[in-house]
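Fold and geometry: a report
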Amino acid sequence: MARAIHHWDLWVSDPEVAADEWGWLLGELGWAADGTSWVADDGTYVFLERSPDQVDAPYDRMRPGVNHLALTVEDRALLDRVRAESSAHGWHEMFADRYPHAGGDDHTALYLENSEGFEVELVVGD
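Worth saying up front: this structure is predicted, and the values here are computed from it rather than measured.

Some details on the overall build of the protein
Within the protein one finds 2 helices and 8 strands. By its C-alpha atoms, the protein is 45 × 35 × 30 Å across when sized along the principal axes. Here the protein holds 126 residues, and 37% of them are scored as buried. Expressed as a percentage of contacts within the protein between residues at least 6 apart in sequence, the contacts between residues at least 24 apart total 58%. For the protein, the accessible area works out to roughly 7600 Å², and carbon and sulfur atoms hold 50% of it. Taken together, the 8 basic and 26 acidic charged side chains of the protein have centroids lying 5 Å from each other.

Quick notes on the rules
- Residues numbered from 1 in each chain as written.
- Predicted model: local features only at pLDDT ≥ 70, side-chain atom pairs only at ≥ 80, totals over all residues.
- Heavy atoms only, no water.
- Helix = DSSP H or I, 4+ residues; strand = E, 2+ residues; numbered from the N terminus.
- Buried < 20%, exposed > 50% of the residue type's maximum accessible area, 1.4 Å probe, protein only.
- Contact = heavy atoms within 4.5 Å.
- Areas by Shrake-Rupley, 256 points an atom, 1.4 Å probe, with all protein chains shown as cover.
- Lys, Arg positive; Asp, Glu negative; His and termini not counted.
- Charge placed at Lys NZ, Arg CZ, Asp CG, Glu CD.

Here it is in structure tokens:
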């Protein structure tokens, strides 16, 4: 089966901070580090960079563009572990009062936001 997403480039304000935050999260999900990128088992990869072409304005997921990224996790135990450890790695839990069903009763997920305001939804199963 071909992968659904080939890759994505994530432009960041501070590459070192982003590498710590994203590197920890993607590592917990089983993605392998490869310099300034991380690769999933299916070959999908994410590349973090501070581009000379980017505009120095804060990211706002509420504006037109990408709102958040949703990634699949193996099971609830991994979701719980990521939740417990996320704040020590620069991530803030969103909708904590409704964990793990903030997306609805039949949707088991964790919603996190990093220091730049990027939201990641971690979903158990498919």
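This is not the end of the story, as more comes after the structure.
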